[in-house]
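Coordinate analysis (summary)
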Amino acid sequence: MADYKLAARASHPTDSVVEVKGRKIGGGNFAVIAGPCSVETEEQMLSVARDVKAAGADFLRGGAFKPRTSPYAFSGLGLDGLELLKIASAKSGLPIVTEIMSEEYLDDFARDVDVIQIGARNMQNFTLLRMVGALKKPVLLKRGLSSTIEELLNAVEYILAGGSGDVILCERGIRTYETATRNTLDLSAVPVLKERTHLPIIVDPSHGTGYWELVEPMALAAAAAGADGLIIEVHGHPEAALCDGRQSVTPQIFARLMKKIHRVREAIA
Amino acid sequence: MTNPKEELAKLRERLDKVTADLTLAFNERQRISSEIAVVKANGNIAITDDAREQFVVDSSVALADADNKANTVTFVRGLIALSKIRQNEKLGLLNALEFAPPRARIDGKIAYQGIAGAWSEQAAHTLFPDSELTEREYFADVFDAVLDGGAAYGVVPLENSRAGAVGDVYDLLRRNAVYIVGQVWLDITQCLVGISGTQLSEVREVFSHEQGLSQCNRFLRNKNWELTAVSNTAVAAKMVADKDNRKLAAIASRRAAELFGLEVLAPDIADDKGNKTRFIVIAKNPEYDEHSDTVTVTFSTNHYSGALVSVLQAFMLAGINLKRIESRPGAVPNNYRFFVDMEDANILNPSTRDALIQAAMQCEYFEILGCYSTAEQNKI
């Protein structure tokens, strides 16, 4: 018996379905989360929300609090960013997925965010995992960049034990010796996780590869591998983005990608 | 001696030649724009590039005659806008501006802010005489009611003929996915109301909304009455009725007097007899037809000199008058949003649509808030 009891497939033989404002992920339901790496301006968020919605996205992402490798890099608009996400969500009708960095803003996230994301760098911040779990809100947990699948499953156990039943796992690439891509996107994690847990699994081809040219092929591969959804960075002006512009796709590329995803999903059905 | 007709004909011949050359050059420019659109789409490059646009404008201005430089800016900005329209068309992206199809008027409650007897209630009753009204404490609650289905429509004030914009309502329009589907201008006729039979000489204290008191300055002057501001004119009338005291009076509407069993002690006491407030109807879906005559949009411009002019020019070229322009601060500092009412415009009209697309191409963000009729309703 695995150490992670609540996450284990054995404890819940059927696939779990996470439902947020009428949108479902898991158990055959495929959902796409799209939006810019970081929230920059009101108009940027409103425009991108309108574009990704038109292309068929189900959720709006955008970072208000950004974990950056360098303390001097743009670290997000903070609560102002959350405010802009709320406006874009209200106008587009798309629920919000955004990352929490510490318990400092737990109340704000509990009130305003539809799916609370715990990023790769916080995957084993066990205090945060427990506190977010206790909010009993949907959570998106990203795999740590040097974490094994077992460690990911043990981490999600903290959230489930905290009380939340709606957790989505996300493969976003791991640290290997390969430098041609930002990370090595471990797509084999999708079928491995499917076997070990009942929780929905989505893939982040933007962080997973670090290059916009690789986003589409890896998104299609993830869909073919049985992922329950995708999280993709979309920016109206990738070259002017304040964060991760190199891996962001324009709304045009995103719209084309969505059409292809649809065809892959039909092909493997 | 020169014959003016001959001279004009010669000049026109030269002019026509230039126009033909310009047209052919324009065709070529648009064809290149189509090719650029494909390269940008495949290359993950945004259609709009502010720095590149400025470069094109500056290079053209450098070529222009000294007395033609300003017009060259207008001309080249126009060309760039047309190029962006072509690129968006080529990529099938104008759909993002597609206004949702109209919905037929529905039955249901009408939400307004305040209590019965408030001016908002009177506006709601004027617009929907046969519907059940439902009151809400704040403007935001009226928007929520429309969005969560608690009401079919909401009626909120947008501007006053004296005081100008109702900023809170503009901000709520910016933040919420509602549409403007109708409007009415309501005459704000303030009356002094009190317990039946009260003589003006008996009155000692007058209650009203702050605005109600200030609108009747001249009437109140030298009366030596104590003036007390309360949250709403209807609330003031209700207080007087509840206290049943002849020393008290309120400045409120005739309708409030009727509702609370009070008597109009002095009618039409406002300093400005033409005081009006414009109320809009908000709904979850747009409603428009061939009788609609106003389009309200909101937009923010890019940050270069003349950015707003190039947006307004799109309306000018379509012959559309802008009845009202309001600028409001955005959700975070140093960010502004314009709200514009286009007169004699209708989304179903191709020239209005072209103007909207042209204007949108010049904006950082552009959104249509409503297409509706301003036809005068019956007033109470």
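Reference entry: report on the structure contained in this document. (Residues numbered from 1 in each chain as written. Chains lettered and ligands numbered in written order. Predicted model: local features only at pLDDT ≥ 70, side-chain atom pairs only at ≥ 80, totals over all residues.)

**Concerning the overall build of chain A**
Per the secondary structure count, chain A includes nine helices and ten strands. Here chain A has a C-alpha radius of gyration of 17 Å; the compact-globule value for 269 residues is 18 Å, and the two agree. By its C-alpha atoms, chain A is 50 × 45 × 40 Å across when sized along the principal axes. Among the 269 residues that make up chain A, the fraction classed as buried is 52%. (Helix = DSSP H or I, 4+ residues; strand = E, 2+ residues; numbered from the N terminus. Rg over C-alpha atoms; globule rule 2.2 N^0.38 Å. Buried ≥ 20, exposed ≤ 12 C-beta atoms within 10 Å, placed from the backbone.)

**Comments concerning the interface of chain A and chain B**
Opposite the 24 residues of chain A that make contact, chain B presents 17 residues. Broken down by secondary-structure element, the contributors of at least two residues to the side of chain A that touches chain B are α1 (42–55), α2 (79–92) and α9 (251–268) of chain A. With seven residues, the top contributor of residues to the side of chain A that touches chain B is α1(A). For the side of chain A that touches chain B, the class distribution of residues is nine nonpolar, seven polar and eight charged. (Contact = placed C-beta atoms within 7 Å. Nonpolar A, V, L, I, M, F, W, Y, C, P; charged D, E, K, R; others polar.)

**Re the pairing of strand β5 (residues 179–187) of chain B**
Looking along a regular strand, one sees side chains alternate from face to face of the sheet. Residue and element names in this part refer to chain B. Here β5 lies mainly inside the structure; seven of its nine residues are buried. Here eight bridges tie β5 to strand β11 (residues 276–283), and the two strands are oriented antiparallel to one another. Directly across from Ile 180, in β11, lies its bridge partner Ile 282. (Pairing = 2+ DSSP bridges.)

**Description of the environment of Ala345(B)**
All names here are of chain B. Relative to the assigned elements, Ala 345 resides in the loop between β14 (336–343) and α12 (350–361). Here the alpha-carbon distance between Ala 345 and Ala 355, two residues ten residues apart in the chain, equals 9.7 Å. When sequence neighbours within four positions are dropped, the list of residues in contact with Ala 345 reads Thr 294, Val 295, Ile 320 and Thr 352.

**What about the sheet that holds strand β7 (residues 205–209) of chain B?**
Residues and elements named next belong to chain B. The strand order across the open sheet built from five strands is β8-β7-β9-β6-β10, with neighbouring strands paired in mixed fashion. With partners counted over all chains shown, the strands left at the sheet margins are β8 (226–230) and β10 (263–266), one partner each. Strand-to-strand twist across the sheet, computed as the mean angle between neighbouring axes with direction ignored, equals 35°. Looking at chain direction, strand β6 (residues 191–194) and β10 are connected through three bridges and run antiparallel. When the bridges of β10 are listed, Val 193 appears paired with Val 264. Against the sheet, helix α9 (residues 233–243) contacts β6, β7, β8 and β9 (248–252), and its axis sits at roughly 155° relative to β9. (Axes fitted to C-alpha atoms, helices over the stretch in contact; angles between N-to-C directions.)

**A few points about the environment of Phe143(B)**
All names here are of chain B. Its location among the elements puts Phe 143 in helix α5 (residues 139–148). Exposure remark for Phe 143: the 25 C-beta atoms within 10 Å place this residue in the buried category. Separated by 30 residues in sequence, Phe 143 and Leu 173 have C-alpha atoms that sit 8.7 Å apart.

**With respect to the packing of helix α2 (residues 50–63) of chain B against helix α3 (residues 69–90) of chain B**
Residues and elements named next belong to chain B. Running from amino to carboxyl end, α2 crosses α3 at an angle of 140°, the nearest separation of the two axes being 9 Å. One way to sum up the angle between α2 and α3 is to call them oblique. Seen along the crossing, α2 lies across α3 with a hand that is right-handed. In this structure, α2 contributes Glu 53, Val 56, Val 57, Ser 60 and Val 61 to the contact, and α3 contributes Lys 69, Thr 72, Val 73, Val 76, Arg 77 and Ile 80. (Parallel < 35°, antiparallel > 145°, perpendicular 65-115°, else oblique. Left-handed = near helix turned anticlockwise from the far one by under 90°.)

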